[in-house]
Amino acid sequence: VFNGVFAQGQVLISAFLVSKYFKKGFITAVVLNFLQMMSVLMSLIHDFSNSKIPGVMVPLGAIVICIVLYLYNKRLRMSLSYVNNQRQELIGLSEEIAQMNDELEESNQELVTKNKLILQGQEVLEHTAYYDDLTSLPNRKMIMKILDEHIKKADQVGGSFGIAMINLDNFK
């Protein structure tokens, strides 16, 4: 009974060494279990007894468990490293996107400002093109434009309209 408890403790300690200290723990656990297995094998060769066979199998099982744990931990660490690298890349991309967003916001504000200036310029140009600078009354182009609109409207509805014209000679 005591040998069974000792054997289970040995397996648990081996698993703990691999889990806690990774490569150094793996090497230590495998070497210790291998040495114990060799010690029991030497004893078995010297004095053959069926009761000593579990003494060989327990360290061998512990070595197999240590190998499985080591390989699992190694793969897990590689996966975590890969995930951390992807996380760092995503953080970098997120920072780039934030910077680009700020630049786009700034460019958008510049475009809005420039668009307002263009619209104001268009209004000034339209006023200059269709109104007299001195009196701000509609000029000949504007009157012709208004007449064209009224003619089109009258044609659409089948109506008519009238025009009164005053000619001022020598108006300065």
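Please refer to the structure placed before this passage.
Heads up: these notes are all about the structure in this document. Note that the structure is a prediction, hence the values are computed from the model and not measured.

This part takes up a nonpolar patch on the surface. Taken together, the side chains of Ile 27, Val 31, Leu 32, Phe 34, Leu 35 and Met 38 present a nonpolar region at the surface, about 530 Å² in accessible area. Looking at the secondary structure, you find Met 38 in helix H1 (residues 2–46). Judged by its relative accessible area of 31%, Met 38 is partly exposed.

What follows concerns helix H3 (residues 140–157). In this model H3 runs 26 Å from its N-terminal to its C-terminal C-alpha over 18 residues, within 8% of the 26 Å that 1.5 Å per residue would give. Where H3 is concerned, the buried positions are Met 142, Leu 147 and Ala 154. The buried residues of H3 occupy one face: seen down the axis, they fall within an arc of 135 degrees. Residues Lys 141, Lys 152, Asp 155 and Gln 156 are exposed on H3 and point more than 90 degrees away from its buried face. The elements touched by buried residues of H3 are helix H2 (53–130). One side-chain oxygen of the residue at the start of H3 lies 3.2 Å from the amide nitrogen of Lys 141, identifying that residue as Asn 139. Two residues or fewer past H3, Gly 158 is found with a positive phi of approximately 75 degrees.

With that settled, the discussion passes to the nonpolar core. Of all hydrophobic cores here, the largest spans seven residues; its members are Leu 17, Val 18, Phe 22, Phe 26, Ala 29, Cys 66 and Tyr 70. With five residues, H1 is the largest single contributor of residues to this core. Discounting residues that sit within four places of it in the chain, Phe 26 has contacts with Leu 17, Val 18, Cys 66, Ile 67 and Tyr 70.

A few words now on the packing of aromatic side chains. In this description, an aromatic ring pair is defined by two values, namely the gap between the centres and the angle between the planes. Tallied over the full model, the rule gives three aromatic pairs. Judged by centre distance (6.5 Å) and plane angle (90 degrees), the rings of Phe 16 and Tyr 21 are edge-to-face. Assessed through its relative accessible area of 48%, Phe 16 is described here as partly exposed. One aromatic cluster in this structure is built from Phe 22, Phe 26 and Tyr 70. Sitting over the ring of Phe 22, Arg 77 keeps its end group 3.9 Å from the ring centre. Above the ring of Tyr 130, the side-chain terminus of Lys 145 is found at 4.7 Å from the ring centroid.

The rules we used
- Each residue is numbered by its place in its chain's sequence as written, counting from 1.
- This being a predicted model, a pLDDT of at least 70 is required before a residue's local features are given, and a value of 80 or more before pairs of side-chain atoms are given or counted; all residues contribute to the totals for chains, interfaces and linings.
- With hydrogens and water set aside, each side-chain value is computed from the structure's full complement of heavy atoms.
- What makes a patch is a set of residues exposed beyond 30% relative accessible area and free of salt bridges, joined within 9 Å when like-charged and within 5 Å when nonpolar (Val, Leu, Ile, Met, Phe, Trp, Tyr).
- Per-residue and other accessible areas follow the Shrake-Rupley method at a 1.4 Å probe size, with only the shown protein chains counted as cover for residues.
- Here, a salt bridge means any Lys or Arg side-chain nitrogen found within 4 Å of an Asp or Glu carboxyl oxygen.
- Secondary structure elements follow DSSP: runs of H or I no shorter than four residues count as helices, runs of E no shorter than two count as strands, and numbering proceeds from the N terminus.
- Classification of residues uses two cut-offs on accessible area relative to the type maximum, computed with a 1.4 Å probe and protein chains only: under 20% is buried, over 50% is exposed, and between them is partly exposed.
- By this rule the span expected of a helix is its residue count minus one, scaled by 1.5 Å.
- As used here, the arc belongs to the directions running from the helix axis to the C-beta atoms.
- The criterion used for residue contact is that any of the two residues' heavy atoms lie within 4.5 Å.
- N or O atoms closer than or at 3.5 Å make up a polar contact, with two conditions inside protein: a donor-capable atom paired with an acceptor-capable one, and, for residues adjacent in sequence, both atoms drawn from side chains.
- For our purposes a nonpolar core is just a set of buried Ala, Val, Leu, Ile, Met, Phe, Trp, Tyr and Cys residues, chained together by side-chain atoms within 4.5 Å.
- Stacked, edge-to-face and tilted labels apply to pairs of Phe, Tyr and Trp rings (six-membered ring for Trp) whose centres lie within 6.5 Å, assigned for plane angles under 30 degrees, over 60, and everything in between, in that order.
- Our definition puts a charge over a ring when NZ of Lys or CZ of Arg is within 6 Å of the ring centre and also within 35 degrees of the ring normal.

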